[in-house]
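A look at the structure
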Amino acid sequence: MTVELLTRGVAIETNQLVPQTPAGADVFGRIGTLETRLARTSREVDAAQAVRFRVFVTEMGAQLPAEAMRRERDIDSFDDICDHLLVIDHAIEGDIEDQIVGTYRLLRQDVAMAHGGFYSASEFDLAPLLARHPGKQFMELGRSCVLPDYRTKRTVELLWQGNWAYALKHGMDAMFGCASFPGIDPQEHALALSFLHHNSQVKDEWMVSAQPDLYRNMNMVPAEEINPRQALSAMPPLVKGYLRLGAMIGDGAVVDQAFNTTDVLIVLPIAVISGRYINHFGADAGRFAS
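Our subject in this report is the structure included herewith. (Residues numbered from 1 in each chain as written. Predicted model: local features only at pLDDT ≥ 70, side-chain atom pairs only at ≥ 80, totals over all residues. Heavy atoms only, no water.)

1. What to know about the overall build of the protein
Broken down by element type, the protein carries nine helices and 11 strands. Here the protein holds 290 residues, and the buried ones make up 56% of them. Counting only contacts in the protein whose residues sit at least 6 apart along the sequence, the fraction spanning at least 24 positions is 77%. With the model as given, the accessible surface of the protein reaches about 12,400 Å², and the carbon-plus-sulfur share is 50%. (Helix = DSSP H or I, 4+ residues; strand = E, 2+ residues; numbered from the N terminus. Buried < 20%, exposed > 50% of the residue type's maximum accessible area, 1.4 Å probe, protein only. Contact = heavy atoms within 4.5 Å. Areas by Shrake-Rupley, 256 points an atom, 1.4 Å probe, with all protein chains shown as cover.)

So, in structure tokens, the structure goes:
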């Protein structure tokens, strides 16, 4: 799944309005007819939830709570406290809500702690990680998805331009979030998961593990038996993209039955983001902003 994931019995709350933002003040990047910015209204958040439903449920077979299925929206209570990053194609005719082709859900640590914590904590034990870094600010990336016709380099670049600009704007020190492999049998991804375990697992101060009752061992193939090229080719594009940025992978995977996925935790300190990507997007996030 090109995403971070779901709702486990969380109450659905969708009536809270998103504060209006002056047009242009929150635009993070443009390439051609595509633009990335934050959602400005509750209608735009609703449209992003509809895009998520199309990808997660219609395309990938997730089973959401009954109200979400009835409304054909991927919704949970975290939507009300997150910022919603959008990719918009202005070449599409219709209202702005019809032009949303991709989205990410962004949650800053100060907001999360004021509202009960991070979404990823339902799958991964984040508390020790946060406790080891009391002076750092973390940001959770979630619900990443792009419509099939827009799964291109340009769209991905704009999503990352938005994440990078948002992180700089709010003084974030590290990003994390779930990324997913399709299906609920980790053995089907033994090669890729084992490669991540041997080559990219978090260490020392960044160590974080799956919740003990959900932990699934990623070490299924000995390191000497892994062909790196084959392992990388077997990974979802989102995971490979995170690795290129310099991300680390948490210890242990988690099976998400509702979303029909096997999840790993991405940990990406700002300080370790590959220099070539900082140069590409701009140290001040200005690469695509004009």
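2. Examining the nonpolar core
Among the nonpolar cores identified, the biggest contains 66 residues, and Tyr 104, Leu 196, Tyr 242 and Val 264 are the most heavily contacted of them. With eight residues, helix α1 (residues 42-59) is the largest single contributor of residues to this core. Dropping the residues within four chain positions of it, Leu 196 is found in contact with Phe 181, Gln 201, Met 218, Met 235, Val 239, Leu 243 and Ile 249. Among the nonpolar cores identified, the runner-up in size contains 24 residues, and Cys 82, Leu 107, Leu 130 and Met 248 belong to it. (Core = buried A, V, L, I, M, F, W, Y, C linked by side-chain atoms within 4.5 Å.)

3. Concerning the pattern of salt bridges
Scanning the model with the defined rule gives 17 salt bridges in all. Of the charged contacts, one joins Glu 44 and Arg 37 as a salt bridge, the two residues approaching to 2.9 Å between their closest N and O atoms. A relative accessible area of 4% places Glu 44 in the buried class. Arg 52 is the salt-bridge partner of Asp 74, the closest N and O atoms lying 2.8 Å from each other. Note that Asp 74 is positioned in the loop between α2 (66-71) and β3 (83-89) and Arg 52 in helix α1, a separation of 22 residues in sequence. There is no split in this pair, since Asp 74 and Arg 52 are both buried. In this structure, a network of salt bridges that share partners links the residues Arg 52, Asp 74, Asp 76, Asp 79, Arg 105 and Arg 143. (Salt bridge = Lys/Arg side-chain N within 4 Å of Asp/Glu carboxyl O.)

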